[in-house]
Amino acid sequence: MNKKTFSDWQDKAAGIEIEGRAFIDGTLRHAHSERTFTCASPIDGRVLTRVADCGEADVDAAVTAARRAFDTQVWAGMNPRDRKAVLLRWAALMREHLDELALLETLDAGKPIGDTTAIDIPAAAHCVEWYAEAIDKMGGEVVPADHHLVGLVTREPVGVVAAVVPWNFPLLMAAWKFAPALATGNSVVLKPSEKSPLTAIRVARLAHEAGLPPGVFNVVPGGAEPGRLLALHHGVDCIAFTGSTRTGRQIMECAAQSNLKRVWLELGGKSANIVLPDYPDLDRAAKAAADAIFFNMGQVCTAGSRLLVHRDIKDAFVAKVAAAARAYEPGHPLDPSVTMGPVVDRIQFERVAAYIDAGRREGRLVTGGARVREETGGFYVEPTVFEVKPDAKIAREEIFGPVLSVIEFDHVDEAVHIANDTEYGLAAAVWSGDLATAHEVARRLRAGTVWINGYNEGADDMNFPFGGYKQSGNGRDKSLHALEKYTELKSTIVRLR
Ligand code: NAD
């Protein structure tokens, strides 16, 4: 348990040194063009630093360094035991620097310090540990071939992996890509979001300290341009992306236009949380429904943004959810008692505000809806609940903010239909007192993760694969299945005589 107070964190924030340079081939570098972009905090608008705005020369340098590291086998050729030792040292350094990394994440993205210290940074370190621990225990296969043959099936690293990631869990989303990619012997070029580049740069230096050879792990900050250049680059063998469905589509097009690099996408969601009237503990379900949408200011790809409630319990249930929403009073995210900080920046704030306006026109505002703490210069939005029809704009489009759409239904078939009537398929949940009913509904839900009588359980457990059906993406992060994304299968056939 982190015992620091609000004022301890404010003191630390006042003294923190922030690095904004790219990390390429084992060294910190300014962008070749010397261009930078402003990195400001959504807490109060304060400029934190200026960050290298990487362009073509930087992306080329990073990919060239990554390729050289791969071709010389300085990392891929190591005994997996030795790679594991380096990765474990790196994870240990992340844990040693927990306060600093958590503070950077909070200042940069506005996430509550209680979350960054307890979730974001430890989970990223754990992810690195988990893949490090796995990698020296995985062999290949000997296949049942003809008697005069020996047939081997092995996995080999794909080569140079580009990871392009979003800002909602900046280090954790990056770790879900770079940990399995590095564990399997690839070189990585990481492109963090322009809204949250700081922890990526910091952990790159820690990687170097832990003994990752130069070129194996590179960080090229910037906006869409370095992401697009990586997607188009002929020296990149695989691109792993987390972000919006729109950008995912563009990345796939870039891969098609260039070298058909492997493309793995973790995209948006509009997840349905279905409450059936026979669930016995509505207080618990209501609190979970509020947590499902208001955690991390609603900036969660699996956020339970559509709450589907049976007509018989709807009024009582919505009142309970509105009461639970009040626990998410926006406040300064360096105060450890605060559970809701600002949304990530002005652009995101304006996007959320436009959806709230649409909600006012389309439905009934139950609670929230206002901007608060405007005098701080930050972007704070009240937890907001609307009752709407299933075809309302706010019930169909991903908002990525603290806005819940409640939809009423009469029959379980109708609930399943509404839940599946979306282009997305990332997650869903169903609450019922009858486990058979719950299982039947769970089977019918077209989503990569389904919870029964819970929401977000297992999010911190690396054993569960994570990813989407339909336009929520392809492939899976987490679990041993993620290793499939970063490896090629090779058949080696030996003729004995
Ligand atoms: P985004 O698509 O705008 O940006 C994601 C990343 O892609 C950023 O690093 C950005 O700089 C880069 N980028 C932007 N345009 C690009 C282009 N044309 N080519 C290459 N790279 C480009 O998404 P965002 O606003 O950062 O994140 C929010 C989205 O991410 C939401 O839709 C959310 O659901 C999704 N998300 C999904 C998951 C998941 O695992 N499925 C997890 C977190 C967030």
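Residues numbered from 1 in each chain as written. Predicted model: local features only at pLDDT ≥ 70, side-chain atom pairs only at ≥ 80, totals over all residues. Heavy atoms only, no water.

A.B. asks: How would you summarise the site of the ligand if you had to cite specific residues and measurements?
C.D. replies: Neighbouring the ligand are 29 residues; Lys191, Glu194, Ser244, Leu267 and Glu398 lie closest to it. The side chain of Lys191 places a nitrogen or oxygen atom 2.7 Å from an oxygen atom of the ligand. The side chain of Glu398 places a nitrogen or oxygen atom 2.5 Å from an oxygen atom of the ligand. For the shell around the ligand, the secondary-structure elements that each account for two or more residues are α8 (224-232), β10 (238-242) and α9 (245-257). Here the shell around the ligand is composed, by residue class, of 14 nonpolar, 10 polar and 5 charged. Three or more residues apiece are contributed to the shell around the ligand by two domains, here domain 1 (10-139 + 157-267) and domain 2 (272-460). (Near = heavy atom within 4 Å. Polar contact = N/O pair within 3.5 Å; in protein donor to acceptor, adjacent residues only side chain to side chain. Helix = DSSP H or I, 4+ residues; strand = E, 2+ residues; numbered from the N terminus. Nonpolar A, V, L, I, M, F, W, Y, C, P; charged D, E, K, R; others polar. Domains from an automatic or database assignment.)

A.B. asks: Lay out the packing of aromatic side chains with the relevant residues and their values.
C.D. replies: Throughout the structure, instances matching the rule amount to 11 aromatic pairs. Ring centres of Phe294 and Tyr328 lie 5.8 Å apart, and the angle between their planes is 50 degrees; this geometry places the pair in the tilted category. With Phe294 in helix α10 (residues 282-294) and Tyr328 in the loop between α11 (314-325) and α12 (346-362), this pair connects stretches of sequence that are 34 residues apart. The exposure classification of Phe294 matches that of Tyr328, with both residues buried. Through successive ring pairs, a cluster of aromatic residues spans Trp90, Phe178 and Phe217. (Phe/Tyr/Trp six-rings, centres within 6.5 Å; stacked < 30°, edge-to-face > 60°. Buried < 20%, exposed > 50% of the residue type's maximum accessible area, 1.4 Å probe, protein only.)

A.B. asks: Explain the UniProt feature "domain: Aldehyde dehydrogenase" (unreviewed entry) in the protein chain to me, and be specific about the residues and the numbers.
C.D. replies: UniProt marks residues 32-491 with the feature "domain: Aldehyde dehydrogenase" (unreviewed entry), using the numbering shown here. In this annotation, residues 32-491 is assigned 40% helix and 19% strand; the end-to-end C-alpha distance for the span is 42 Å. (UniProt positions renumbered as here; feature names shortened; annotations may be inferred.)

A.B. asks: Describe the domain arrangement of the protein chain, naming the residues involved and giving the relevant values.
C.D. replies: Along its sequence, the protein chain is carved into domain 1 (10-139 + 157-267) and domain 2 (272-460). On a C-alpha basis, the centroid separation for the pair domain 1 and domain 2 is 30 Å. Of the roughly 2,100 Å² buried between domain 1 and domain 2 on both sides combined, carbon and sulfur atoms contribute 63%. The tally of links from domain 1 across to domain 2 stands at 1 salt bridge. In this structure, the salt-bridge partner of Asp345 is Lys195, at a minimum N-O distance of 2.8 Å. Our count for the contact surface shared by domain 1 and domain 2 stands at 7 residue pairs in polar contact (both at pLDDT 80 or more). (Buried area = accessible area lost by both parts, 1.4 Å probe. Salt bridge = Lys/Arg side-chain N within 4 Å of Asp/Glu carboxyl O.)

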